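Working through the structure, step by step
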Amino acid sequence: MKSNTLNRLKRLALASAVGLAVGVAAGPAAAQQKLKVGLMLPYTGTFAALGNAIENGFRLAVSENGGRLGGREVEYFKVDDESDPAKATDNANKLIKRDQVDVLVGTVHSGVQMGLAKAANDNNVLLIVPNAGAGAVTGPMCSTNIYRSSFSNWQPGYAMGEVVAKRGHKNVVTITWKYAAGDESVGGFKEAFEKGGGKIVKELSLPFPNVEFQALLTEIASLKPDAVYTFFAGGGAVKFVKDYDAAGLRKTIPLYGAGFLTDGTLEAQGASAEGLLTTLHYADGIDNPREKAFRAGYAKAFPSAPAPDVYAVQGYDAGQMLATAMAATKGDAKKFDVIHAELSKATIDSPRGKFTLSKSGNPVQDMYLREVKGKENRVVGIASKALSDPSRGCKL
Ligand code: PHB
């Protein structure tokens, strides 16, 4: 054997021995292995578009980091959770037990989130919630391994309760899907609206993900409230806004909503959404360079996807939060104390505007008042500055 070939073989043997040694050691060891990220999101059903936007946003943040977090190359695993709470535990376990992921990113639906958060806590896995607002997740279930890049259901509801009271409305009917997100969104609205002197005359609901609104719209017409507050999202929001308009209610009884009502939905809602006022932590026309760069980067990375909406931003910020956490632990996704200390003091430079995280891991953020103009949710003002979820029941 030629001596230079021999030297090459020796070098290779040495390199793999070093690789092995590094591979078994703790800490920096992990830097050599891929960081397995499990995306548990809805890719079918009424929230399918939301799941896709979240994944796109997350991937954009990771690719802006050179495809690595805390020095580890990111590898993706995916499960379609179908927004079905009954399948949540099994779906979470596909990622945790079968794929052995280091980090979970999910999900959209609050009912599914409960199963996913429990599985993350039971198995000591880091979880970043890129949408679902279930109060319990950053309330009684809060933990140093759970963080949210989105909102609590209470937040946009509370902000809108203040707005509607200030606009002088006294009697309001609420309408939503009967599950955690709808109940909590209405709960937040009611808390602020009643504080402002308003009264909820009727709370209407239908099971998720039903869209047979007709009987309920007839009831609203006969109740004749000053205004209506609603939480619907995705495909259901598209249908609700169109049906509300078609029933002739848009011009007579003002409709207010948590911003999901008109985010990612305006193309499909068309003129039926014109003029609607909603509250959310994102909007069109936020004038900051971060937002402009994000939109340009998103359009370049996903040329055939719809323009980025709140869900894309939440996915992107989940990626930014994970990047911050993994930089602090050098890629170790089990150092929850270090992650908690780091994220508790971090400022996330989001396209929505800068935000911080409460001790319970929920964003403390501005709630914009937005008005639908053309195909956009234009900023009217800030309804609630640096609004923090009360995180009732969190012991952190
Ligand atoms: C939720 O179930 O928490 C949820 C779903 C869709 C949204 C917002 C909240 O747009």
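Sequence order sets the numbering: in each chain, residues are counted from 1 along the sequence as written. With pLDDT at 70 or above as the cut-off, local features in this predicted model cover only qualifying residues; side-chain atom pairs require 80 or more to be listed or tallied, and sums for whole chains, interfaces and linings still use all residues. Hydrogens and water molecules were not included; the side-chain quantities draw on all heavy atoms of the structure.

A short note on the site of the ligand
Note on terminology: near, applied to a residue and a molecule or strand, indicates that one of the residue's heavy atoms is within 4 Å of it. In the region of the ligand, 16 residues are neighbours, and Ser110, Gly133, Tyr179, Ala233 and Tyr311 sit closest. Between the ligand and Gly133 there is a distance of 3.0 Å, counted from an oxygen atom to a backbone nitrogen or oxygen. Take Tyr179: an N or O atom from its side chain is 2.5 Å from an oxygen atom of the ligand. The Shrake-Rupley method, run with a 1.4 Å probe, gives the accessible areas here. Residue values count only the displayed protein chains as cover. For the ligand, the accessible surface in isolation is 280 Å², of which the surrounding protein chains cover 100%. In terms of residue class, the shell around the ligand is built from 11 nonpolar, five polar and no charged. Under the rule applied, a polar contact is a pair of N or O atoms within 3.5 Å (in protein, one hydrogen donor and one hydrogen acceptor; residues adjacent in sequence only if both atoms are side-chain atoms). Lys, Arg, Asp and Glu make up the charged group, whereas Ala, Val, Leu, Ile, Met, Phe, Trp, Tyr, Cys and Pro make up the nonpolar group; the residues left over, Gly among them, are polar.

Description of the nonpolar core
Within the largest apolar cluster, 100 residues are counted, with the highest numbers of intra-cluster contacts made by Leu126, Met160, Ile220, Phe232, Phe240, Leu322 and Met326. Strands are runs of DSSP state E lasting at least two residues, helices are runs of H or I lasting at least four, and both sets are numbered from the N terminus onward. Counting residues per element, this core draws most heavily on helix H11 (residues 310-329), at 11 residues. Shared between two domains, this core holds at least three residues of each, these being domain 1 (35-151 + 285-357) and domain 2 (154-280). When sequence neighbours within four positions are dropped, the list of residues in contact with Phe232 reads Ile175, Thr176, Trp177, Leu206, Phe213, Ala237, Phe240, Phe260 and Leu261. Think of a nonpolar core as a cluster: buried Ala, Val, Leu, Ile, Met, Phe, Trp, Tyr and Cys residues, connected wherever their side-chain atoms sit within 4.5 Å. Accessibility here uses a 1.4 Å probe with only protein chains present; expressed as a share of the type maximum, an area under 20% marks a residue as buried, one over 50% as exposed, and anything in between as partly exposed. Core analysis: the second largest hydrophobic core is formed by 22 residues, Phe77, Ile96, Ala134 and Val137 among them. Each domain's extent is set by a domain assignment, obtained either automatically or from a database. We call two residues in contact when some of their heavy atoms are within 4.5 Å.

So, the packing of H11 against helix H12 (residues 336-345)
Interhelical geometry of H11 versus H12 gives an angle of 125° and a closest axis separation of 9 Å. Viewed along their axes, H11 and H12 adopt a mutual orientation that is oblique. Viewed along their axes, H11 and H12 form a crossing whose handedness is right-handed. When H11 is examined against H12, the residues Met321, Thr324, Ala325, Met326, Ala328 and Thr329 are found in contact with a partner set consisting of Val338, Ile339, Glu342 and Leu343. To get an axis, fit a line to the C-alpha atoms, keeping to the stretch in contact for a helix; angles then go from 0 to 180 degrees between the N-to-C directions. Angular relationships are summarised with four words: roughly parallel below 35 degrees, roughly antiparallel beyond 145, roughly perpendicular across 65 to 115, and oblique for the angles in between. Handedness of a crossing follows from how the near helix is turned relative to the far one, being left-handed for an anticlockwise turn of less than a right angle and right-handed for a clockwise one.

A word on the confidence of the model for the protein chain
The pLDDT averaged across the protein chain works out to 93; a share of 92% of its residues lies at or above 70. Across the chain, each position has a pLDDT score giving the predictor's confidence in that residue, from 0 to 100. For the protein chain, the element scoring lowest by mean pLDDT is helix H1 (residues 3-24), at 42; strand S4 (residues 103-105) scores highest, at 99. Throughout residues 1-26 the model reports pLDDT below 50, and contacts reaching past four residues in sequence, or to other chains, amount to six contacts.

Regarding the domain arrangement of the protein chain
Split by domain assignment, the protein chain resolves into domain 1 (35-151 + 285-357) and domain 2 (154-280). Placing the centre of domain 1 and that of domain 2 at their C-alpha centroids yields a distance of 28 Å. The interface of domain 1 with domain 2 comprises 14 residues on the first partner and 17 residues on the second. Roughly 1100 Å² is buried in total at the junction of domain 1 and domain 2, and carbon and sulfur atoms are behind 65% of that figure. Counting every contact that joins domain 1 to domain 2 gives four residue pairs in polar contact (both at pLDDT 80 or more). Each residue belonging to the side of domain 1 that touches domain 2 can be placed in one class, and the counts come to six nonpolar, seven polar and one charged. Put simply, buried area is the surface a 1.4 Å probe can reach on two separate parts but cannot reach once they are joined, added for both.

Side note on the pairing of strand S14 (residues 363-373)
Most of S14 sits inside the fold, with nine of its 11 residues counted as buried. As judged from the two bridges shared by strand S13 (residues 353-357) and S14, these two strands associate in the antiparallel manner. Across the sheet, the residue bridging to Leu357 is Pro363, located in S14. Here, strands pair whenever DSSP counts at least two bridges between them. Counting the residues in the hairpin turn of S13 and S14 gives five residues, including Gly361, whose phi is positive at 90°. Direction of pairing for S14 relative to strand S15 (residues 376-387): antiparallel, over a ladder of eight bridges. Within S15, the residue paired with Leu369 across the bridge is Gly381. Counted between consecutive antiparallel strands, the loop separating S14 from S15 contains two residues, among which Gly374 sits at a positive phi close to 65°.

A short note on the pairing of strand S12 (residues 347-350)
Two faces make up the sheet, and in a regular strand the side chains alternate between them. Of the two faces of S12, the one holding Ile348 and Ser350 is buried and the one holding Thr347 and Asp349 is not buried anywhere. In the sheet, S12 pairs with S13 via four bridges, with the strands oriented antiparallel. Each bridged residue has a counterpart across the sheet, and for Asp349 the counterpart in S13 is Lys354. What sits between S12 and S13 in their antiparallel hairpin is a turn of two residues.

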